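Understanding the architecture of this molecule
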Amino acid sequence: MGLIRAEIDTLEDSPIVDVWRLGYGRPEVIGMFAGEPDVPTPGFICDAAARAMAEGRTFYTPNRGIPTLLDALVDYNRAQYGVTLPTRRIALTGSGMNAVMLIAQGLISPGDNVVAITPSWPNIMRACEICGAGVREVAMTSGACGWSLDLEQVFAACDARTRMIYLASPGNPTGWMIERADAEALLAFARARGIAILSDEVYHRIVYDRPVAFSFLQIAQPDDPVFVVNSFSKSWAMTGWRLGWIVYPEGCVANFEKLIQFNTSGVAEFLQHGAIAALGQGEEFVGYFAGRCGVGRGIVNERLARMQRVRNVPNQGSFYAMFEVAGVTDTLTFCKRAVSEALIGMAPGIAFGKGAERHIRLCYAKSPELLTEAMDRLERFVGEYAEP
Ligand SMILES: Cc1ncc(COP(=O)(O)O)c(C=O)c1O
């Protein structure tokens, strides 16, 4: 027997990281691999954290976050969704990723399974596998109107060992958003079967035709088996801070206290003061940032539409384009060669599970100038690209 558990030993490394390594630290490469903007965190957020640090807010905190931050999250959720949550249903976490891992640890026993709606950010599926679950992927299909989900396939994938259904809306990499009627049908199914829904809403503010995406918080009763994950990373340009939060069902507070205690024992207090500033004073930035992503989306969509061989799939939210190139079957090689030959960084579709094998993802949360240059490079690269 090896030293490390088989679940870890057999985990797939992310092909996104494979490509990213080729471009890391090379300023000549336009990096659109990862899901992050090219702008740093706004100054008022950094200042609040720096002030708190200078004031000596450097001690242990309550596991689920300091009371002022939990109150700020209550206010924020009320303002966005008109829903008033008790602070006992909220936990601050060390990132959205950490939130997912805590939920997986809380719900999954070895031998259980999780149904994931794909294409999906791969880390979620890996977190479930680390906890011993088999992941059943239910692939959406892409067409001229975007991505669509067949709920019947989700229901059919569930059995007596299914602990959780995972979805992200707006999605990464698809930008798909769940319709309220589908969310209601999914919730009714989950309630009846005692299966949890993990609704990943980290892109809730990166939307183009509304102020905020639909949330399961708008339809879930307090004791429904719904776990909503959110993050400071995307809406407030705080990817490097590693801050997220969970809203879990009534009755889970003691268990999340324990899970956080034994994983991270909470988040640095000075960072929490940055988060309070983001929630309380961040609306202007969020609006500006979503607008900037909208400009990037416009540039990328317009250019991809004009490229020979390229079929772009329309998205509704988040900040990724997903496209196919006629004749490209090996997206990992395509993305690796794009880094070395065209100096552009993108993510191969095979990283995102079923349904995206032939797609390529790029993040357009970048300046218009950078995106225009990136599209020029991509157009030339695609024009000449041939598989061996
Ligand atoms: C769908 C989705 N969920 C969760 C995360 C995690 O975000 P973070 O760990 O930066 O909070 C990401 C990051 O890319 C994501 O795309």
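This report concerns the structure included in the present document. Since the model is a prediction, treat every value here as computed from it, not as a measurement. (Residues numbered from 1 in each chain as written. Predicted model: local features only at pLDDT ≥ 70, side-chain atom pairs only at ≥ 80, totals over all residues. Heavy atoms only, no water.)

The next subject is the overall build of the protein chain. Counting its regular elements, the protein chain contains 13 helices and 15 strands. Overall size of the protein chain, expressed as C-alpha extent along the three principal axes, is 60 × 50 × 50 Å. Counting every position in the protein chain, which comprises 388 residues, the buried fraction comes to 56%. Counted over contacts in the protein chain with a minimum sequence separation of 6, partners at least 24 positions apart contribute 76%. Total accessible area on the protein chain stands at roughly 15800 Å², and carbon and sulfur atoms take up 53% of it. (Helix = DSSP H or I, 4+ residues; strand = E, 2+ residues; numbered from the N terminus. Buried < 20%, exposed > 50% of the residue type's maximum accessible area, 1.4 Å probe, protein only. Contact = heavy atoms within 4.5 Å. Areas by Shrake-Rupley, 256 points an atom, 1.4 Å probe, with all protein chains shown as cover.)

This part is about the pairing of strand β12 (residues 320-325). Burial within β12 is extensive, with 6 of its 6 residues counted as buried. By the alternation rule, side chains of β12 split into Tyr320, Met322 and Glu324 and Ala321, Phe323 and Val325, which are all buried. Where strand β11 (residues 310-313) hands over to β12, the hairpin turn is made up of 6 residues, of which Ser318 adopts a positive phi near 60°. When β12 meets strand β15 (residues 359-363), the two strands line up antiparallel, connected through 5 bridges. In the strand pairing of β15, Phe323 is matched with Ile360. (Pairing = 2+ DSSP bridges.)

Further remarks concern the sheet that holds strand β4 (residues 134-139). Each strand in a sheet pairs with its neighbour through backbone hydrogen bonds, running either in the same direction (parallel) or in the opposite one (antiparallel). One open sheet holds the 7 strands; their spatial order is β2-β10-β9-β8-β7-β3-β4, and the pairing between them is mixed. Looking at strand neighbours, the two that pair on one side only are β2 (90-93) and β4, the edges of this open sheet. In this sheet, neighbouring strand axes are inclined to one another by 20° on average, regardless of whether the strands run parallel or antiparallel. Here strand β9 (residues 226-231) pairs with strand β10 (residues 244-247) via 4 bridges, running antiparallel. Residue pairing for β10: Val229 is matched across the bridge by Ile246. (Axes fitted to C-alpha atoms, helices over the stretch in contact; angles between N-to-C directions.)

Every one of the 13 residues lining the ligand counts as a neighbour, but Gly96, Asn172, Asp200, Ser231 and Ser233 are closest to it. Backbone polar atom of Gly96 to an oxygen atom of the ligand: 2.7 Å apart, as the coordinates give it. Take Asn172: an N or O atom from its side chain is 2.7 Å from an oxygen atom of the ligand. Surface burial for the ligand is 95%, taken as the share of its 390 Å² of free accessible area covered by protein chains. By residue class, the composition of the shell around the ligand is 5 nonpolar, 5 polar and 3 charged. (Near = heavy atom within 4 Å. Polar contact = N/O pair within 3.5 Å; in protein donor to acceptor, adjacent residues only side chain to side chain. Nonpolar A, V, L, I, M, F, W, Y, C, P; charged D, E, K, R; others polar.)

Between helix α11 (residues 283-306) and helix α13 (residues 368-384), the shortest axis-to-axis distance is 10 Å and the interhelical angle comes to 20°. The angle between α11 and α13 places the two elements in the roughly parallel class. For the pair α11 and α13, the crossing hand works out as right-handed. Residues Val295, Gly296, Ile299, Val300, Arg303 and Leu304 of α11 form the contact with α13, whose participating residues are Pro368, Leu371, Thr372, Met375, Asp376, Leu378 and Glu379. Residues belonging to the contact of α11 with α13 are distributed by class as follows: 8 nonpolar, 2 polar and 3 charged. (Parallel < 35°, antiparallel > 145°, perpendicular 65-115°, else oblique. Left-handed = near helix turned anticlockwise from the far one by under 90°.)

Right, let's talk about helix α4 (residues 67-81) for a bit. When the terminal C-alpha atoms of α4 are compared, their 21 Å separation across 15 residues agrees well with the 21 Å that a helix rising 1.5 Å per residue should span. Listed in full, the buried residues belonging to α4 are Leu69, Leu70, Ala72, Leu73, Val74, Tyr76, Asn77, Gln80 and Tyr81. If you follow the buried residues of α4, they end up packed against β2, β10, α10 (269-281) and α11. Gly82 lies just past α4 and shows a positive phi near 70°. (Expected span 1.5 Å × (residues − 1).)

Residues Phe216, Phe232 and Met346 are the most contacted members of the largest nonpolar core, which totals 139 residues. Sequence-distant contacts of Phe232, that is, excluding residues within four places in its chain, are made with Leu73, Leu92, Ala237, Met238, Leu243, Gly244, Trp245, Ala275, Ala278 and Leu279. (Core = buried A, V, L, I, M, F, W, Y, C linked by side-chain atoms within 4.5 Å.)

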